[in-house]
Amino acid sequence: MVNITINGKLVQAYEDEMLLTAIRRENIDIPALCHHEAVEPYGACRLCMVEITKDEWDGWKNHVTSCLYPVEEGLIVNTHTPTVIELRKTILDLFLAGSPRSTVIRKLAAEYGVTKTSYEEVPDGTDCILCGLCTRVCDKMGFSAISAVNRGHGKEIAPPLNEPPPDCVGCLSCAYICPTRYIKFTDDGKTRKIWGRKFKLLHCEKTGQPTITEEFARYLVKNRQIPEDYFKINDLSHRKELALKMGEITQWGREE
Amino acid sequence: MQISTPKQLKELQQKFQDKDNKLVKKIIVCHGPGCLASGAEKIFEEFQQVLSKKKIKGVTLEALKKTGCHGLCEKAPLVAIEPAGILYTRVKPRLVEDIIEKTVKNDEVIPELLYQDPETKKRVEKYRDIKFYSHQTRIALRNLGHINTADIEDFIRVGGYQAMAKAITKMTPERIIDEVTKSGLRGRGGGGFSTGRKWATCRKVKDDTHYVICNGDEGDPGAFMDRAIMEGDPHSVLEGMIIAAFAVGARSGYIYVREEYPLAVVNLQIAIEQAREYGLLGESIFGTDFSFDIQINRGAGAFVCGESSALMKSVAGEVGEPRAKYIRSVVKGLYDKPTVLNNVETFANVPVIIDRGAKWFTGIGAPKNSGTKAFSLVGKVRNTGLIEVPMGTSLREIIYDIGGGLIDGRPFKAVQTGGPSGGCLPDSLLDSPVDFDSLTKAGSMMGSGGMIVMDDRTCMVDVAKYFLSFLVSESCGKCNPCREGLYQLYKLAVKVSEGRAEEDDLEKMEKLSDMIIIGSLCGLGKSGPNPFLSTVRYFREEYLAHIKEKKCPAGVCRELIRFEINDKCDGCTACILACAYNAITGKKKEPHVINQDLCTHCGACVTVCTRNAIDVI
Amino acid sequence: MRSRLIVNPNLCTGCRTCELACSFTHSVAGKPGLSRIYPLDGGFKDLFVPVVCLQCEDPACARSCLVDAITRNPETGAMELDDKKCVRCQACVSACPFGCSLFDRVNNLVVKCDLCGGDPACAHFCPTKALEYKPIVPKALKSAG
């Protein structure tokens, strides 16, 4: 364990954990849009920046992204200094200029007192804030079906060559993890559509209820050694089956 | 030919020197980037042909040399005749026969080809008497203009690989690091971090693998120092890297060269193969248990890949995006292994330091800024080119003594140092020394060594706008302050230049700049607002003129200027023909008039007018 | 010694107290959550089987999780799903052969039994001891003792 001071309070943190984890454990609310426990920290949205210093730094202070900064013994952290708040305000103002219609951004910006961007609205701005969560989770899951293309202000998230991505299995993790709900998909119980690709859903042989996509099941069978017949029925039917099997064993016991 | 002892290397050097001493004359054709662009290859071929046709006693084809950049690119292509030390400028293929006939054969100088001093108008016969050269001290560029490009024999002849032999066979890694630390060598790529300390930290990290990387991703517009070294003297980069590898305990190294430098890749590749052939790269170098090899990686043209962590990602085959360096790359760099990354020029300095000692090196330059720095001097100076001066040399000395002052004797306005994210310094700072700390204090930076001189016809708002637009398009787009912040800063600069800005916009820009500096992830974003901040710091009135009076004093910003024909017009109709928008009317030999509604302020009329009859208001 | 959740269908009356207990223990934002346990029809008269996660030795749920959100709690032995890591792909829901990873549509959550961190509410509230949380005594020890 290491000892750190957060907003004047001495707390203990686990070695190797990031500052953000320690700060959130103290129930201090600091925003972060590109952070998710499922993937490695990235440091792109810069909202979780905090001020750090140490006694031996002779008054020198630094601003770091807490999601990426490993805790250190003796670290003195301030999460809401005027500069830090000003920084978050500016960043949210900039996000708002790029994604003026995003409810998530608008809500967060309003919390910091920004209701209207003070900058020029970006022409053709979208709700995508390029946090990279979708591509990172897709990489982490082993598909790497989508990635960031171009750079700078023209950067966007897209499947290769902007064609339906061959490596996508339609698991929807990207859509779920997207903080601004920008990634769109449809699912009518028969087919699922995302990134311009169509996926057939598997259905429970007993109830007819849809489960996951054929491609996803195939991937799990091949790469995670899940027996293929597990996917024939859905969870409810699995439970019913288990109840009947156990019921039968119990009944035998009774009869004996 | 495998060299296995330092003694063998010495013998080889002697052999190559003897061979060289037999040459009565040397004809050196510069093959630097500027000269190549002006047709140096044609001139070289012409020399080959003429030489093989004419039999001149003692002058064979071996006398002909293809060297790296001489530096005086303004006067390209260059040909030097040694040992007389004559430099011919702006040589044309048709003059080659003349040069051979007169100068090579009969030791006769051709005055028209000599360099003309812009002040005294006198022709300068000797190379070393040219002011451009006499104010320079060349360490990193020591071999450029003297040895054949990518030729290990020539390199060994001038003492190449001796420092490496000394380091590997006579010194311990700790002593090498100590020597480099004591020399005060600081990263020449712009960071200015102590090279010795970097190596020491890397060596201390316990790991089975260490890497050495050479950063040759020189992306600043107008900069070509590293290019000149990689193309003209690749072996000195290799030698520096080998010494570094021995010092930190690395077995493999990478040279990351930007895509736009194909010749650098070719020459480095030749040099690596030659070094392997001579046993200077590979297994058990000099019979020790030290093994090291180098591989070339080509960038794909992204400016941000010059940033160390983005570069390492690119080498590893990932997208070239920087990462936060709270855990430094000397500890966890390429493939998460401890990695030393230095710039081309830094590595080129290392062999000299090992050879001549830290004490000698600290004797050059300024306190805490020892040694020299190479710059590419460009813009509105008379002698544009590649230079190397001791640290602490004043800007005035560089611009006026070496650069020969401004073209047409126009007034100096500003000098931009440090590449796109550097800053513009005004004439009041001309006497300040050029070193890492002074430039940073002045609001600019050393950067990798670009130096752009601007005259009074340059609008500083326009300059800031240009560099911001460069940075906006070169930002990797990972973090918000750099991607969105610089974009908005650029948009505001456009607003100023178009006369749409209000006074509080300036304040807004300054505030935004502060936040971009604090908030950005890597050096590109953190230094991104510099073009704006330095120009607004020294040229605030110019910004205010755009905002309050809606005027561009330098007559550059199109939206704020007006072209008008004055009474000098003699009605030659040249401007009428040049105007693509039919905005100019008038009869022959009668004054012409510009229709302001149709004029787009392109300036084509000004360019063609021979009588200075068009005013920019 | 590690405890296990022991299910004895012979004692189950199908009263569904376990379901209530589970639902209230795992409430989401103050509202009862999706129960992880279900007393289901055992196929014979008056026979109910409380179906709940078996905390398998080689669990398909963890194997199918591509973001490593399901890990074993070394103290309780339960396969716990870290909601902060879960990306709702529902691979585990489909992969579990006993259907004991569930998707809570109301709250958009994937849930499974976590043995309540070592004090399962279902066993605690079961009026007939059809569910019991007790140390497992290995067979070898049993026969010896």
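Residues numbered from 1 in each chain as written. Chains lettered and ligands numbered in written order. Predicted model: local features only at pLDDT ≥ 70, side-chain atom pairs only at ≥ 80, totals over all residues. Heavy atoms only, no water.

**Student:** I'd like a description of the overall build of chain A, backed by residues and values.
**Tutor:** Scanning chain A from terminus to terminus reveals 7 helices and 11 strands. For 256 residues, the compact-globule estimate of 2.2 N^0.38 gives 18 Å, and chain A exceeds it by more than 25% at 24 Å. Summarising its shape, the C-alpha atoms of chain A cover approximately 80 × 55 × 30 Å along the three principal directions. The buried share of chain A, reckoned over its 256 residues, is 51%. Restricting to contacts in chain A with at least 6 residues of sequence separation, those with at least 24 account for 51%. (Helix = DSSP H or I, 4+ residues; strand = E, 2+ residues; numbered from the N terminus. Rg over C-alpha atoms; globule rule 2.2 N^0.38 Å. Buried < 20%, exposed > 50% of the residue type's maximum accessible area, 1.4 Å probe, protein only. Contact = heavy atoms within 4.5 Å.)

**Student:** Describe the pairing of strand β9 (residues 293–298) of chain B, with residues and values.
**Tutor:** Of the pairings in the sheet, the one linking strand β8 (residues 252–257) of chain B to β9(B) comprises 6 bridges and is parallel in character. Along β9(B), the bridge assignment pairs B:Ile255 with B:Ile296. (Pairing = 2+ DSSP bridges.)

**Student:** Can you explain the domain arrangement of chain A? Please cite residues and give values.
**Tutor:** Residue and element names in this part refer to chain A. For chain A, the assigned domains read domain 1 (2–80) and domain 2 (133–239). A straight line from the C-alpha centre of domain 1 to that of domain 2 covers 34 Å. Of the residues lining the interface, 9 residues belong to domain 1; the matching set on domain 2 comes to 7 residues. Both faces combined, the contact of domain 1 with domain 2 buries some 650 Å², and carbon together with sulfur accounts for 63% of it. It is Leu33, His36 and Val39 that lose the most area in domain 1 upon contact with domain 2, and together they represent 60% of the buried surface on that side. Our count for the domain 1 to domain 2 interface comes out at 3 residue pairs in polar contact (both at pLDDT 80 or more). By residue class, the composition of the side of domain 1 that touches domain 2 is 6 nonpolar, 2 polar and 1 charged. (Domains from an automatic or database assignment. Buried area = accessible area lost by both parts, 1.4 Å probe. Polar contact = N/O pair within 3.5 Å; in protein donor to acceptor, adjacent residues only side chain to side chain. Nonpolar A, V, L, I, M, F, W, Y, C, P; charged D, E, K, R; others polar.)

**Student:** Can you explain the pattern of salt bridges? Please cite residues and give values.
**Tutor:** Residue and element names in this part refer to chain B. Summed over all chains, the structure comprises 55 salt bridges over all chains. Between aspartate 154 and lysine 65 there is a salt bridge whose closest N-O contact spans 2.8 Å. Residue aspartate 154 is found in helix α6 (residues 152–157), and its partner lysine 65 is found in strand β2 (residues 64–67); the two are separated by 89 residues along the sequence. Here aspartate 154 falls in the buried class, since its relative accessible area comes to 6%. In this structure lysine 65 comes out as buried when scored by relative accessible area, which is 4%. Residue arginine 276 is joined to aspartate 293 by a salt bridge in which the shortest nitrogen-to-oxygen separation is 3.0 Å. (Salt bridge = Lys/Arg side-chain N within 4 Å of Asp/Glu carboxyl O.)

**Student:** Just give me the short version of the nonpolar core, but keep the residues and values in it.
**Tutor:** In this structure, B:Tyr161, B:Ile176 and B:Trp199 are the most contacted members of the largest nonpolar core, which totals 87 residues. Considering every element that reaches this core, the biggest residue donor is helix α11 (residues 234–248) of chain B, with 10 residues. If we ignore the near neighbours within four places in the chain, the residues touching B:Tyr161 are B:Leu9, B:Ile152, B:Phe155, B:Ile156, B:His235, B:Leu238, B:Glu239, B:Ile242, B:Ala275 and B:Leu280. Among the nonpolar cores identified, the runner-up in size contains 70 residues, and A:Leu33, A:Leu96, A:Tyr219 and A:Leu220 belong to it. (Core = buried A, V, L, I, M, F, W, Y, C linked by side-chain atoms within 4.5 Å.)

**Student:** I'd like a rundown of helix α9 (residues 195–204) of chain B, residues and numbers included.
**Tutor:** Each full turn of the α-helix corresponds to 3.6 residues, which orients residues three or four apart in the same direction. Residues and elements named next belong to chain B. For α9, the set of buried residues is Thr195, Gly196, Trp199, Ala200 and Cys202. One side of α9 carries all its buried residues, which in axial view fall inside an arc of 165°. Of the residues in α9, the exposed ones pointing more than 90 degrees away from the buried face are Arg197 and Lys204. The inward-facing, buried residues of α9 contact α8 (173–183), α11, β10 (339–343) and α14 (344–356). (Arc of directions from axis to C-beta.)

**Student:** Tell me about the sheet that holds β2(B), and please be specific about residues and values.
**Tutor:** Residue and element names in this part refer to chain B. Overall, mixed pairing links the 4 strands, which are arranged β2-β1-β3-β4 in an open sheet. The open sheet is flanked by β2 and β4 (86–88), the only strands paired with a single partner. For this sheet, the mean inter-axis angle between neighbouring strands, taken without regard to orientation, is 25°. When strand β1 (residues 26–30) meets β2, the two strands line up parallel, connected through 4 bridges. Its bridge partner being in β2, cysteine 30 is matched across the sheet by threonine 67. Sheet strands touched by helix α3 (residues 40–53): β1, β2 and β3 (79–82). Its angle to β1, the strand with the most contacts, is close to 155°. (Axes fitted to C-alpha atoms, helices over the stretch in contact; angles between N-to-C directions.)

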